[in-house]
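# Fold and geometry: a report
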Amino acid sequence: MALPVPDDGLTDILRRLPLWSLAVARCVCNTCRFLIDDRALLRPRILPHSVYGVVINYIDHRRPHLFSRPRSSSSSATTGGEIDGNLSSVPSYRMNWHVMDHCDGLLLWDIDWGDRLCVCNPATQRWATLPRCSEATGFVAGEYLAFDSATSSHYEVFLIPALSEIQIPSPLVHHKVKSMAAAPFCLDELLASQDGGSWTMEEPSPPPPPSSMDEQELYRFMTRHEELHWLMEWPPSPYKIDVFSSRTGRWEERPFVREGETVTTMNDMKPWNHVFTVK
Amino acid sequence: MAAATDDAGDSNEMIRVVSSDGEHFEMPEAAANLSLVLRHMIEDDCADAAGIPLAVVAAKPLAKIVDYCTKHAAKSSGLTIEEAEELKRFDAEFIEVDTDMLYDLLVAADFMGVEGLSKLAVQRTADLIKGKTPEQNRETFGIVNDFTPEEEEEICKENEWAFQITKPPSRLC
């Protein structure tokens with residue numbers, strides 16, 4: 001018998017414990033243990049006890065493969081079925097698939113180098129292709145999946161934007177700076193560039209001057225404008241992130257406000273910069 | 001709501017309550033209003049001279065609860081910093097009770113719907129659990145170890161990480 005208080009009261013008490021003490025409280029008696037497990041007080045706050053397997057993405061093969069650990073009889077009893085890590089049930093489009101992220105048993109796949117995103121549950125072999133994010137015009141630095149089966153059966157996908165684009169003042173708007181959607185990391189290209197091969201990083205270059213503006217003047221203006229751009233704080237606040245929610249089935253832009261001091265400037269992020277082209 | 005409380009305070013109307021073991025207590029209406037149950041009874045005109053019977057609250061915890069509500073009702077609004085700190089000190093001393101009284105307060109505050117007291121008792125219990133081994137917790141709260149030796153070994157293994165490091169890393173707490 002645990003404390004002589006109702007389960008809800010005891011849950012309130014347990015919720016106030018730091019993770020550490022909660023784990024110890026689980027070892028006190030059966031009531032505490034059942035309550036902590038039944039109300040999932042501990043589970044959402046710690047990492048899984050073991051790694052089920054590893055998914056490997058390939059450069060020269062269309063589909064990743066799951067490498068799982070040999071299962072003992074007890075673990076297959078708890079999972080309740082075969083996990084199809086290679087997602088053989090998904091129609092085999094002639095496309096390149098990559099696992100971008102995973103969360104609590106769900107996988108986030110990228111189809112054809114960022115063309116589409118797909119979320120699937122290898123345990124139930126159910127999958128959903130997300131609509132394209134019309135708002136995501138800039139380069140995406142990362143795609144992430146958020147899912148917590150303890151709180152909801154819905155998931156969210158976050159597109160983390162890369163460095164902000166240089167905003168061109170409206171009189172010069174026809175010299176629009178557009179960021180290119182970069183292809184996923186490719187080892188071949190990296191090796192080729194290190195060998196002095198053909199693949200090189202494009203450097204930003206000043207736009208050709210319009211006839212109405214003095215060439216020198218425009219060049220100075222753009223240089224100054226770019227300098228200011230690189231002095232902007234990073235990450236910006238609010239940091240706007242495109243989020244897909246399976247609850248609404250739509251993408252939305254969600255602003256996140258930084259807590260605390262400015263971390264750095266755009267300039268410090270330059271080594272991690274992506275290709276900007278000037279049309 | 002604040003205005004109603006003030007009126008009650010001004011009129012000095014006393015509310016009578018009766019514990020499960022038949023003892024009578026009195027407190028100002030403003031104090032009784034801190035209990036959701038008593039407030040509803042007062043609103044429904046159930047507060048008469050015979051007193052509101054509280055079937056599951058014994059005299060000992062009820063006396064404490066009357067103390068708590070009276071103190072908090074007197075200082076319900078427009079607190080200065082000093083008064084807020086004094087109230088905090090009162091709470092800290094108030095909840096320095098043995099585990100039997102703590103259980104009684106947990107149950108009674110929950111039953112009577114005294115939110116502030118519920119929080120205080122819950123936090124106090126959590127503070128008592130923190131930083132103790134399972135055995136020390138069983139001793140403090142008089143809990144019987146009802147695991148079989150096999151279960152105990154298994155469960156301690158599952159939560160081994162919580163025992164392995166003597167000092168918890170701050171990011172985990």
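Above this text sits the structure in question.
Below is a short write-up of the structure. In this text, all values refer to a predicted model and were calculated from it rather than measured experimentally.

What follows covers the overall build of chain B. The helix and strand tally for chain B stands at 10 helices and 3 strands. Starting at the N terminus and ending at the C terminus, chain B contains elements arranged as α-β-β-α-α-β-α-α-α-α-α-α-α. Going through the 173 residues of chain B one by one, you find that 37% of them count as buried. Of the contacts made within chain B by residues no fewer than 6 positions apart, 56% connect residues no fewer than 24 positions apart. Split by element, the accessible area of chain B, about 10,000 Å² in all, is 52% carbon and sulfur.

Here we come to the interface of chain A and chain B. The interface of chain A with chain B comprises 26 residues on the first partner and 36 residues on the second. Carbon and sulfur atoms make up 70% of the surface buried where chain A meets chain B, a total of about 2,900 Å² over both sides. For the chain A face of the interface with chain B, the top three residues by lost area are R16, W20 and C27 of chain A, together amounting to 27%. One can count 0 salt bridges joining chain A with chain B. Connecting chain A to chain B are 5 residue pairs in polar contact (both at pLDDT 80 or more). Only helix 1 (7–15), helix 2 (19–25) and helix 3 (30–38) of chain A provide two or more residues apiece to the side of chain A that touches chain B. Split by residue class, the side of chain A that touches chain B holds 19 nonpolar, 3 polar and 4 charged.

Thresholds, definitions, all that
Residues numbered from 1 in each chain as written. Chains lettered and ligands numbered in written order. Predicted model: local features only at pLDDT ≥ 70, side-chain atom pairs only at ≥ 80, totals over all residues. Heavy atoms only, no water. Helix = DSSP H or I, 4+ residues; strand = E, 2+ residues; numbered from the N terminus. Buried < 20%, exposed > 50% of the residue type's maximum accessible area, 1.4 Å probe, protein only. Contact = heavy atoms within 4.5 Å. Areas by Shrake-Rupley, 256 points an atom, 1.4 Å probe, with all protein chains shown as cover. Buried area = accessible area lost by both parts, 1.4 Å probe. Salt bridge = Lys/Arg side-chain N within 4 Å of Asp/Glu carboxyl O. Polar contact = N/O pair within 3.5 Å; in protein donor to acceptor, adjacent residues only side chain to side chain. Nonpolar A, V, L, I, M, F, W, Y, C, P; charged D, E, K, R; others polar.

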